[in-house]
Amino acid sequence: MLKHYLEKAIEDLDTLDELTRKDIEDIKAARHDAMFERIEAKEHTLFDFENRKSLIDQEIATLVKANPGIEMDRLLDNEVKQYLSTMRSKLAQLQKINRHYARFVITVGEFYNTLYEEMLPVERDGYTGRSTKTASLIEVRA
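Computed from a predicted structure; not experimentally measured.

Draft legend 1. Molecular detail of the pattern of salt bridges. Considering all chains together, one arrives at 14 salt bridges under this definition. The partner of Asp-17 in a salt bridge is Arg-21, with the nearest N and O atoms 2.7 Å apart. Of this pair, Asp-17 and Arg-21 both sit in helix α1 (residues 2–28), 4 residues apart, which is roughly one turn of the helix. Ionic pairing is found between Arg-31 and Asp-26, a salt bridge with its closest N-O pair at 2.7 Å.

Draft legend 2. Spatial organisation of the packing of aromatic side chains. For the structure shown, the criterion picks out 1 aromatic pair. Between Phe-111 and Tyr-112 the ring centres are 5.4 Å apart and the planes differ by 65°, which places this aromatic pair in the edge-to-face class.

Draft legend 3. Expanded view of helix α2 (residues 32–66). The end-to-end C-alpha distance of α2 is 51 Å, a good match for the 51 Å that 35 residues give at a rise of 1.5 Å each. The largest bend in α2 amounts to roughly 30° and is located at Ile-39. Listed as buried for α2 are Met-35, Arg-38, Lys-42, Thr-45, Phe-49, Ile-56 and Ile-60. Along its buried surface, α2 packs onto α1, α3 (72–75) and α4 (78–119).

Criteria and thresholds
Residues numbered from 1 in each chain as written. Predicted model: local features only at pLDDT ≥ 70, side-chain atom pairs only at ≥ 80, totals over all residues. Heavy atoms only, no water. Salt bridge = Lys/Arg side-chain N within 4 Å of Asp/Glu carboxyl O. Helix = DSSP H or I, 4+ residues; strand = E, 2+ residues; numbered from the N terminus. Phe/Tyr/Trp six-rings, centres within 6.5 Å; stacked < 30°, edge-to-face > 60°. Expected span 1.5 Å × (residues − 1). Bend = angle between axes of the 7 residues up to and from the residue. Buried < 20%, exposed > 50% of the residue type's maximum accessible area, 1.4 Å probe, protein only. Contact = heavy atoms within 4.5 Å.

This is the structure we're talking about:
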């Protein structure tokens, strides 16, 4: 079962990577609707991965309990070790692509916040945050 869980977890990571890459392309092209449509699929895949990761942990814990005193390296066969190595590298790759995606998300968010503040003037209100000024939508500046 451990091999099966590892295979499926790796597939989940590949799916998350693919969906995130599509999100990056869509955010570059301002296709936000397509990104929002993928949210549910990403959440579902992430949930599946977390469950499979938990099952992997349980399987390894069961192996260790059944074989006390034997090192982990001797408990796992080469195929399982390879799967674990692949999963680790896929996680690192996903982390890298998510950082890249986050830069776009932050940039777009800042753009929209700045645009909003330009359209509806905002005053800083000490420690409590922001509040909109009671001003007209269009302000004439000389």
